[in-house]
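Survey of secondary and tertiary structure
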Amino acid sequence: MENKFNASSRTKRFVFIALGFFSLFLGIIGIFLPVLPTTPFLLLSASLFAKSSRKLYSWLLSTRTFGKIIRDYNEKKGVKLSIKIFALSFLWLSILLSAIFFVDPIYLDVLLFLIASVVTFHILKLKTLS
């Protein structure tokens, strides 16, 4: 019985690590594709790493790019104004360029603007840190 538990724990740990890296990958893509929200994927990665590997969790929190964002959100439940401005600017610039140059049917333009509006609402709803 103990061997099954250990194998199950190792499998669970492996799955959490794999999902953590997948979520991190989606978060990185989300930097460049505004339809994918970066912060929720980073928070998911941190949570999965925290449950599976202290080393990976520590590594993620120590990264220059993502560590401060995750710590701020976890500890203070918010993000800096500069991050909000960058995220919203990049989001709307990407959506506008996509709607003007790449998306043809009008219903897809409407869908893009709807998604951007929901993401904007979510970002603005977050607590602003100084």
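Residues numbered from 1 in each chain as written. Predicted model: local features only at pLDDT ≥ 70, side-chain atom pairs only at ≥ 80, totals over all residues. Heavy atoms only, no water.

Points about the side chain of serine 53
Its location among the elements puts serine 53 in the loop between helix H2 (38-52) and helix H3 (54-62). Classification of serine 53 by relative accessible area gives buried; the value is 8%. Reaching out from serine 53, the side chain makes a polar contact with the backbone nitrogen of leucine 56 at a distance of 3.1 Å. Each residue touching serine 53, except ones within four places of it in the same chain, is listed here: Arg13 and Ile17. (Helix = DSSP H or I, 4+ residues; strand = E, 2+ residues; numbered from the N terminus. Buried < 20%, exposed > 50% of the residue type's maximum accessible area, 1.4 Å probe, protein only. Polar contact = N/O pair within 3.5 Å; in protein donor to acceptor, adjacent residues only side chain to side chain. Contact = heavy atoms within 4.5 Å.)

As for the nonpolar core
Ile17, Leu24, Leu42, Leu43, Ala46, Phe49, Leu56, Leu60, Leu61, Phe66 and Ile70 together form the largest nonpolar core, which totals 11 residues. Only helix H1 (2-32), H2 and H3 provide two or more residues apiece to this core. With four residues, H2 is the largest single contributor of residues to this core. If near-sequence neighbours (up to four positions away) are discounted, leucine 24 is found in contact with Leu42, Ser45, Trp59, Leu60 and Phe66. Leu88, Leu91, Leu112 and Ala116 belong to the second-largest nonpolar core, a separate cluster that totals eight residues. (Core = buried A, V, L, I, M, F, W, Y, C linked by side-chain atoms within 4.5 Å.)

Thoughts on helix H4 (residues 67-76)
Of the positions making up H4, those classed as buried are Gly67, Ile69, Ile70 and Asp72. Where H4 is buried, its residues contact H2, H3, strand S1 (78-80), helix H5 (81-102) and strand S2 (127-129). Just downstream of H4, lysine 77 is the residue with a positive phi angle, here 60°.

With respect to H3
Within the sequence span of H3, burial applies to Leu56, Leu60 and Leu61. Buried residues of H3, viewed axially, fall in a sector of 135°; they line one side. With respect to the buried face of H3, the exposed residues turned more than 90 degrees away are Arg54, Lys55 and Ser62. (Arc of directions from axis to C-beta.)

As for the packing of H2 against H3
Contact geometry for H2 and H3: axes closest at 6 Å, N-to-C directions at 150°. Comparing their axes, H3 and H2 come out roughly antiparallel. Contacts between H2 and H3 involve Leu42, Ser45, Ala46, Phe49, Ala50 and Ser52 on the former and, on the latter, Arg54, Leu56, Tyr57, Trp59 and Leu60. Looking at the contact of H2 with H3, its residues break down into eight nonpolar, two polar and one charged. (Axes fitted to C-alpha atoms, helices over the stretch in contact; angles between N-to-C directions. Parallel < 35°, antiparallel > 145°, perpendicular 65-115°, else oblique. Nonpolar A, V, L, I, M, F, W, Y, C, P; charged D, E, K, R; others polar.)

A word on the packing of aromatic side chains
The geometry of an aromatic ring pair comes down to the distance between the two centres and the angle between the two planes. Summed over all chains, the structure comprises three aromatic pairs. Judged by centre distance (5.9 Å) and plane angle (15°), the ring pair of phenylalanine 86 and phenylalanine 90 falls under stacked. You can see phenylalanine 86 and its partner phenylalanine 90 sitting in helix H5, four residues apart, about one turn around the helix. Residue phenylalanine 86 is classed as exposed on the basis of its relative accessible area, which comes to 51%. By relative accessible area, which is 27% here, phenylalanine 90 ends up partly exposed. (Phe/Tyr/Trp six-rings, centres within 6.5 Å; stacked < 30°, edge-to-face > 60°.)

Focus: a nonpolar patch on the surface
Together, Ile106, Tyr107, Leu108, Val110, Leu111, Leu114 and Val118 give the surface a local cluster of nonpolar side chains, amounting to about 710 Å² of exposed area. According to the relative accessible area criterion, isoleucine 106 is exposed, its value standing at 61%. (Patch = residues over 30% accessible without salt bridge, like charges linked within 9 Å, V, L, I, M, F, W, Y side chains within 5 Å. Areas by Shrake-Rupley, 256 points an atom, 1.4 Å probe, with all protein chains shown as cover. Salt bridge = Lys/Arg side-chain N within 4 Å of Asp/Glu carboxyl O.)

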